[in-house]
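# Understanding the architecture of this molecule
Here's the letter readout for the chains.
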Amino acid sequence: MEEAFGGVSSVVESSLYHIVHSILRELDCEPQAGSGCNKGMLRWTLHNRVDKNPSISVPLLRVLIKELEKAERIDSKIRIIPLLHTLVYTVLQSVFIPEDLYRRIYFCLKSLITLPVPYCAIALNYTRQMKMEQTAPGILYQRRVSAEHNLRNDLYPLHEKVFVFVDPVVFPPSLVNALKTDVECADSGRDPLIHKRKVLLHTMLAGLGKKCQVDQLSQALEHLGEELELHFQDVVTILEQRTEDGASDDIQYNSRLQEIYQDILTAATDPLSSSLRTETQLPSPEVSFNVWTKEDEIWNELVNFALMVPTDRNSACLDEDELKRTSVMSTISTDSGIEGDMPISELSSIMLESPGSPEEQSSSQYFYRRPCVRCPKAGNRMTLMMEAIKGNGGCSLTKEERNLTARIVVMGDDRTLGRLAKTLYTIRKREARHLLLTKRVNMEMYYIPVTDQTLSPVQEGVPEDMLTLAGYLGSVDPWYDCNINSLGAMILKLAQMKSAQSESSDPNTFLLDIISYYTRVSQHPVHLPVYSVKICFSGLSSTTVEEVFVAQLAMDFPEVKRYKATFKDTIKGSVRYRKYSPQECYGAIVSINYRKASISDREKEMGMSLPTSGMMINVLPSCRVKSLPSVSISYKDMNPIRPSTHSFRAVSTNIRVLEKQTFTVCLDKDPRKTFKNVQSIEISPCLDPGYSHQPSTKSKYSLGVGGEPLAKYVNRILTLPINTFCGIEQ
């Protein structure tokens, strides 16, 4: 391990200064052809250097503070958010920070609170974190590693997990294995003992500073036996109590750390006999890679995550009376033959897909059943979740609410976001009746735009038609455009290079580093509006289908054909010539009733009938009509004399054909969501099922007896929250 407290040369400081200025220059200037991915690469290179050499973190922090103070002084707001995220992420990677530098960081962040939203919100959040880190050095690192790798302790019981879902339409099957290898390349380091050693080493270095012998401590931790768990729990307790009590007694805090430090060196047996050493690099989070083939796959993964009971509680949660009662009841057959009647202790072992240790299998022999039982379906999983929350039968879950965080990362284009919006709507609809999953799991959604569409030869960059929502997110958040949009185009290229290499080649951590930085730093969502469409088909059955879309809805009239004139139609003086006009053509007559979008939000119903050969409804938010949910409706005029395309904005609309013709509807540019023989459609903002379900019952948002319900003031429109680095106020 490199010396953590050693100084750096002037050449290194100059190099860091040059990298930071290069990142800021890329933010100020317009992206040039062929250089769109350099901005994200510079940021990745900078943090990768800090991760490998923590000694450069202190001079880098000084450079970032100077640039942050300069950005505030010259009112360059485009630089503030990138500098804030880079500063705090460098603090998370750092090993030891001097006290004077802590104070300077704190006062610099505190001065940014007077700025408008979103700068003040991000600065306030980071100011609190820096105050906590200054009080208990190493607390941010300890909480991050404990949550991401489920290092259970009583004082900080949070658990986070990253779920990556790739769209098989975008990623060919030949590249999926290469992506899976790169994303899950940290599986070998999932041993909790490794991460507990990292937390102990980092905490000692951050708290004791130069008093800590790095090499001796790192080697001693590798040879620490059963005392490792005891020391880890002691360190977590000291840091959490220090955070709650504040910097009241520095002498006692340092003495307790010094005692643990001496105990580790004393308890280690022959620590210098091996070359193994514990490192302080921030480990990558626990990532689950999934190919999104089934629509309910996200729901199933979240249910399995919510039902994840620790192995040490399989027998601990059963007291002596329960064990006696179970032993008696094991001789009586109570098998009803219904899969939903099985206790949670049996079904959880089926769902989690983990064989368990031999001790666990032997301790649960009285729950033995034949292996013919199938995995529970969606309906049975709902019953299982209800049993788990209420604690009926088996090992009940803990009572802490929302202590699990599922970070859902989807990789694809507009089609993928359309599927994600449908999944969110389905989850909210299921949770409207019984608040089960969202009571335990806090869902956060992330989006990495990737498309299989070839780049345009006229303009290089992301394709415009399949990544419209990604372009909007990039225009709202320049740091998202630098680190996510620009690097998304490299993912398929890296996967192709990986698949062309041999299987024994080392995994590339680039994609995993991008996912780790994105999920750790971007905590501010941009709410994409979701619209619902009611599709009515032609025929005697008059069936209807309700769907949602988030990007666009395309209408096509396949039966519309242009009038082809014959030779007799062009002869002047003939009867057919007078009926024929070369400026006319046939189109479908549609009736459009819509509510016009206005800033005053006053209801203004309008309607018209017109011939057209196609219509396009885009949901992309308009910068001119701010905070007003509306769609842009454009249609093709059949008269060549007038402009070919007209557009207007509407809050809701109802479109139907007046003749016996039908049309085709395609949602979110996805051929899998194509509906034919459509007679009419009705489009409106999608209501959150949590507010619209059972409107006749008393709302839970009420002011009491005789008061108006609070739901009147709550936003009932369902939105798709995509986490970015700055976000937009909803």
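The coordinates are above.
Residues numbered from 1 in each chain as written. Predicted model: local features only at pLDDT ≥ 70, side-chain atom pairs only at ≥ 80, totals over all residues. Heavy atoms only, no water.

In this section: the overall build of the protein chain. Helix and strand content of the protein chain: 24 helices and 15 strands. Each of the 730 residues in the protein chain was classed as buried or not, and the buried ones make up 48%. Considering only contacts within the protein chain whose residues lie at least 6 apart along the sequence, 77% involve residues at least 24 apart. Surface summary for the protein chain: the accessible area is close to 36400 Å², and the carbon and sulfur share equals 52%. (Helix = DSSP H or I, 4+ residues; strand = E, 2+ residues; numbered from the N terminus. Buried < 20%, exposed > 50% of the residue type's maximum accessible area, 1.4 Å probe, protein only. Contact = heavy atoms within 4.5 Å. Areas by Shrake-Rupley, 256 points an atom, 1.4 Å probe, with all protein chains shown as cover.)

Right, let's talk about the packing of aromatic side chains for a bit. In this structure the tally under the stated criterion is 14 aromatic pairs. Ring geometry for Tyr594 against Phe648: centres 4.5 Å apart, planes inclined by 35 degrees, an arrangement best described as tilted. Here Tyr594 is found in strand 9 (residues 588-596), whereas its partner Phe648 is found in strand 12 (residues 645-657), with 54 residues between them in sequence. There is no split in this pair, since Tyr594 and Phe648 are both buried. An aromatic cluster is present here, built from Tyr89, Tyr446, Tyr480, Tyr517, Tyr518 and Phe725 joined pairwise through their rings. One Lys or Arg, Arg242, reaches over the ring of Tyr253 and ends 4.5 Å from the middle of that ring. (Phe/Tyr/Trp six-rings, centres within 6.5 Å; stacked < 30°, edge-to-face > 60°. Lys NZ or Arg CZ within 6 Å of the ring centre and 35° of its normal.)

Tallied over the full model, the rule gives 21 salt bridges. As a salt-bridge pair, Glu184 and Lys180 come within 3.3 Å of each other at their nearest N and O atoms. Residue classification places Glu184 among the buried residues on the basis of a relative accessible area of 18%. Lys180 sits in the partly exposed class, given a relative accessible area of 34%. The partner of Lys422 in a salt bridge is Glu547, with the nearest N and O atoms 3.9 Å apart. Note that Lys422 is positioned in helix 18 (residues 414-433) and Glu547 in strand 7 (residues 544-549), a separation of 125 residues in sequence. (Salt bridge = Lys/Arg side-chain N within 4 Å of Asp/Glu carboxyl O.)

Turning next to the pairing of strand 3 (residues 404-412). Most of strand 3 sits inside the fold, with nine of its nine residues counted as buried. Because side chains alternate across strand 3, one face comprises the buried residues Leu404, Ala406, Ile408, Val410 and Gly412, and the other comprises Thr405, Arg407, Val409 and Met411, equally buried. Bridge analysis of strand 3 against strand 4 (residues 441-449) gives nine bridges, and the strand direction is parallel. In the strand pairing of strand 4, Leu404 is matched with Val441. (Pairing = 2+ DSSP bridges.)

The next subject is helix 20 (residues 468-476). Within the sequence span of helix 20, burial applies to Leu469, Ala470, Tyr472, Leu473 and Gly474. In this fold, the buried residues of helix 20 make contact with helix 18, strand 4, helix 21 (478-500), strand 5 (524-529) and strand 15 (719-724).

This paragraph deals with unusual backbone geometry. Note that the residue after Val117, namely Pro118, is joined by a cis bond; omega there is 10 degrees. Backbone geometry at Asp75 places phi at a positive 60 degrees, although glycine is not the residue there. On the secondary structure map, Asp75 appears in the loop between helix 3 (57-73) and helix 4 (77-93). Although it is not a glycine, Lys669 adopts a positive phi angle of roughly 60 degrees. Counting through the fold element by element, Lys669 comes out in the loop between strand 13 (663-667) and strand 14 (674-685).

Looking now at helix 1 (residues 10-28). Taking 1.5 Å per residue as the helical rise, helix 1 with its 19 residues ought to reach 27 Å, and the 27 Å between its terminal C-alpha atoms agrees with that figure. Within helix 1 the residues assigned to the buried category are Leu16, Ile19, Val20, His21, Ser22, Ile23, Leu24 and Leu27. (Expected span 1.5 Å × (residues − 1).)

Another aspect to go through is the environment of Ser591. Mapped onto the secondary structure, Ser591 falls in strand 9. Judged by its relative accessible area of 8%, Ser591 falls in the buried class. Residues Ser591 and Ser609, 18 residues apart in the sequence, show an inter-C-alpha distance of 4.4 Å. Leaving out residues up to four positions away in the same chain, Ser591 has contacts with Met608, Ser609, Asn654, Ile655, Arg656 and Leu658.

As a rule of thumb, soluble globular proteins bury nonpolar side chains together. Counting residues in hydrophobic clusters, the biggest one holds 148 residues, and the most contacted among them are Val164, Phe171, Leu417, Leu528, Leu720 and Ile722. Not counting chain neighbours up to four residues away, the residues in contact with Leu720 comprise Leu417, Leu420, Ala421, Leu424, Met445, Val526, His527, Leu528, Val530 and Val550. If you look at the next biggest cluster of nonpolar residues, it comprises 30 residues, including Leu553, Phe557, Ala588 and Val657. (Core = buried A, V, L, I, M, F, W, Y, C linked by side-chain atoms within 4.5 Å.)

Time to look at the environment of Ala147. With respect to the helices and strands, the residue Ala147 is situated in helix 7 (residues 139-148). When the C-alpha atoms of Ala147 and Thr405 are compared, they prove to be 9.0 Å apart, with 258 residues separating the residues in sequence. With near-sequence residues (within four places) excluded, Ala147 lies in contact with Tyr156, Leu158, His159 and Glu160.

Here we come to the environment of Ser613. Positionally, Ser613 belongs in strand 10 (residues 605-618). Assessed through its relative accessible area of 21%, Ser613 is described here as partly exposed. As for Ser613 and Tyr635, which are separated by 22 residues in sequence, their C-alpha atoms are 7.8 Å apart.

Spatial strand order, 2-1-3-4: four strands in an open sheet with parallel pairing. The open sheet terminates on both sides in strands that have one partner only, identified here as strand 2 (287-291) and strand 4. Geometrically, the sheet is characterised by an average inter-axis angle of 20 degrees between neighbouring strands, direction not taken into account. Along the sheet, helix 8 (residues 173-183) makes contact with strand 1 (159-166) and strand 2, crossing strand 2 at roughly 170 degrees. (Axes fitted to C-alpha atoms, helices over the stretch in contact; angles between N-to-C directions.)

Everything listed here is a matter of coordinates, which is why it stays silent on function.
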